[in-house]
Amino acid sequence: MRTFKHLTNASITRIRKMNLTRKHKIICATILFGLIMCILVTIYNEKRSYQVPEMSAEESENVNVFEDDVVTYEAGDYVLPDDATLKQMTRVQLLGVFWKYINRIQTLCRNVYRVGTVKDGGKEICTDKPYRPSPPCIVYSFGIDYRLEFDLAVVKLFGCQVYAFDPSMKMESKRVSEHIWFYNWGLGGEDTVTNNGWVIKTLATIRKELGHSNKTIDVLKVDVEGDEWHALLQMLKTGALKDVKQIAMETHFLDKGNFPEEGNAQLSALRDLYNAGFRIFMRDRNIVGSKNLKGDWSMTDLNEISLINTRIVKTKQ
């Protein structure tokens, strides 16, 4: 700002010292004024561009969005190969198929909220009608790692009942607050206990034990370090996702976790999610996990994806 004032004062001084007629001085002053206004407008617009207003939950509720606004582009969506083809692919080929698929947005969500921290742990949630959570909404949050930013934000924004799960935490199952319950269970494709003593349950088992078998799950948050594939394949096979409105999940491609699933099976899970009516409306890359392929080509194998269940709208009408 001091430099700007210095230049302005210097320009005015030069105009005064020049042997100009009154008419020429007026012209010079007008040009100088125009330049100053251009600079001020540019500075104002640059500052304004960094001040993006955030839509509140109440404002989002009043946005006029109808079911017809949720559009899928079937013809443009990338179709994953069948199981027989996937089994014949090399690791590099599987990575290429995954990367192509994960970067296709398959449906439109007009109002997307980053719920929780912008760092690892936060998730993208669709708040378009009819997907916007509202009481008495139920949210399942798998993978806490002693951080409840997402869970607390869900309660504050939507007033949901949140059920948080993580077997790796040295904490007994208990009610954390009025709206948050914690269980030291993990999510998997079978009911079992691991070698390190973690209690693993399927989604169907958990819902049954919590009395939610016949209730809609508004958001299923999954961040279970590679075990999402084993759990997803079981959920899809048994139809446990049919009344889940949306999924916010961190995918660990080619990471086998505690329950090994090959890359072709992981892609099969994504394909079956699509066939079950789930459409990706947002994806975010996690640069912590990246791979360099074929020289300068690189990709992230850790990717956040958020999906809405396009079929649940029809079944709930």
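Under the annotation held in an unreviewed UniProt entry, the protein carries the name Methyltransferase domain-containing protein and is attributed to Dreissena polymorpha.

For the rest of this paragraph, the subject is the overall build of the protein. The helix and strand tally for the protein stands at 10 helices and 15 strands. The proportion of buried residues among the 317 residues of the protein is 46%. Considering only residue pairs separated by 6 or more positions, the protein has 66% of its internal contacts joining residues 24 or more positions apart. Just so you have it, the protein exposes about 17800 Å², and 54% of that area is on carbon and sulfur atoms.

All right, on to the pairing of strand S10 (residues 217–222) then. Regular strands place their side chains on alternate faces of the sheet. Counting buried residues along S10, 6 of its 6 residues qualify, which places the element largely inside the surrounding structure. Pairing of strand S3 (residues 138–142) with S10, which is carried by 4 bridges, proceeds in the parallel orientation. Directly across from tyrosine 140, in S10, lies its bridge partner leucine 220. As judged from the 5 bridges shared by S10 and strand S11 (residues 244–252), these two strands associate in the parallel manner. Residue pairing in the sheet places isoleucine 217 in a bridge with valine 244 of S11. Once you follow S10 into helix H8 (residues 228–238) and on to S11, the crossover reads as right-handed.

Our next topic: the sheet that holds strand S4 (residues 161–165). Overall, mixed pairing links the 8 strands, which are arranged S5-S6-S4-S3-S10-S11-S15-S12 in an open sheet. Only two strands of the sheet have a single partner each, and these edge strands are strand S5 (174–175) and strand S12 (278–285). Sitting on the sheet, H8 is in contact with S10 and S11, with an inclination near 145° to S11.

On to the side chain of glutamate 304, then. Take glutamate 304: it is sitting in strand S15 (residues 302–309). Polar side-chain contacts of glutamate 304 include one of 2.7 Å to the side chain of lysine 123. Excluding residues that lie within four positions of it along the chain, glutamate 304 makes contacts with Asp120, Lys123, Met249, Glu250, Met282, Arg283 and Asp284.

Below, the discussion takes up the environment of aspartate 255. With respect to the helices and strands, aspartate 255 occurs in the loop between S11 and helix H9 (263–275). Once the C-alpha coordinates of aspartate 255 and tryptophan 229 are considered, the two residues, 26 residues apart in sequence, prove to be 9.3 Å apart. For aspartate 255, the residues in contact, after removing those within four places along its chain, are Glu225, Gly226, Trp229 and Gln266.

This part covers H9. Taking 1.5 Å as the rise per residue, H9 with 13 residues should run 18 Å; its terminal C-alpha atoms sit 19 Å apart, in good agreement. Most of H9 sits inside the fold, with 11 of its 13 residues counted as buried. When H9 is considered as a whole, its buried residues turn out to be Gly263, Asn264, Ala265, Gln266, Leu267, Ser268, Ala269, Leu270, Arg271, Leu273 and Tyr274.

Looking at the secondary structure, you find phenylalanine 98 in helix H5 (residues 91–102). The exposure class assigned to phenylalanine 98 is buried, which follows from its relative accessible area of 0%. With 156 residues separating them along the chain, phenylalanine 98 and leucine 254 place their C-alpha atoms 9.9 Å apart. Setting aside chain neighbours within four positions, we find phenylalanine 98 in contact with Thr251, Phe253, Leu267, Leu270, Met299, Thr300 and Asn303.

Taken as a class, soluble globular proteins show a tendency for nonpolar side chains to be buried jointly. Tyr140, Leu220, Leu241 and Leu273 are the most contacted members of the largest nonpolar core, which totals 47 residues. Here the element with the most residues in this core is H5; it accounts for 7 residues. Residues within four places of tyrosine 140 in sequence aside, it is in contact with Tyr163, Phe165, Leu203, Ile206, Arg207, Leu210, His212, Ile217, Val219, Leu220 and Lys221. Val115, Cys160, Val219 and Ala248 belong to the second-largest nonpolar core, a separate cluster that totals 15 residues.

This part is about the packing of H5 against H9. Across the interface, H5 lies against H9 with an axial gap of 10 Å and an inter-helix angle of 25°. Taken as axis vectors, H5 and H9 run roughly parallel relative to one another. Pair H5 / H9 crosses with left-handed handedness. Between H5, through Leu94, Val97, Phe98 and Tyr101, and H9, the contact on the second element is made entirely by Gly263, Asn264, Leu267, Leu270 and Tyr274. Residue composition of the contact of H5 with H9, by class: 7 nonpolar, 2 polar and no charged.

Okay, the sheet that holds strand S9 (residues 199–201) next. Strands pair in a sheet through their backbones, by hydrogen bonds, and they do so in one of two ways: parallel or antiparallel. With mixed pairing, the 3 strands of this open sheet are ordered in space as S7-S9-S8. Either end of the sheet is taken by a strand with one partner, and the two such strands are strand S7 (185–187) and strand S8 (192–193). Note: S8 against S9, 2 bridges, orientation antiparallel. Within S9, the residue paired with threonine 192 across the bridge is isoleucine 200.

Scoring rules and cut-offs
Residues numbered from 1 in each chain as written. Predicted model: local features only at pLDDT ≥ 70, side-chain atom pairs only at ≥ 80, totals over all residues. Heavy atoms only, no water. Helix = DSSP H or I, 4+ residues; strand = E, 2+ residues; numbered from the N terminus. Buried < 20%, exposed > 50% of the residue type's maximum accessible area, 1.4 Å probe, protein only. Contact = heavy atoms within 4.5 Å. Areas by Shrake-Rupley, 256 points an atom, 1.4 Å probe, with all protein chains shown as cover. Pairing = 2+ DSSP bridges. Right-handed = clockwise from strand over helix to strand, strands pointing away. Axes fitted to C-alpha atoms, helices over the stretch in contact; angles between N-to-C directions. Polar contact = N/O pair within 3.5 Å; in protein donor to acceptor, adjacent residues only side chain to side chain. Expected span 1.5 Å × (residues − 1). Core = buried A, V, L, I, M, F, W, Y, C linked by side-chain atoms within 4.5 Å. Parallel < 35°, antiparallel > 145°, perpendicular 65-115°, else oblique. Left-handed = near helix turned anticlockwise from the far one by under 90°. Nonpolar A, V, L, I, M, F, W, Y, C, P; charged D, E, K, R; others polar.

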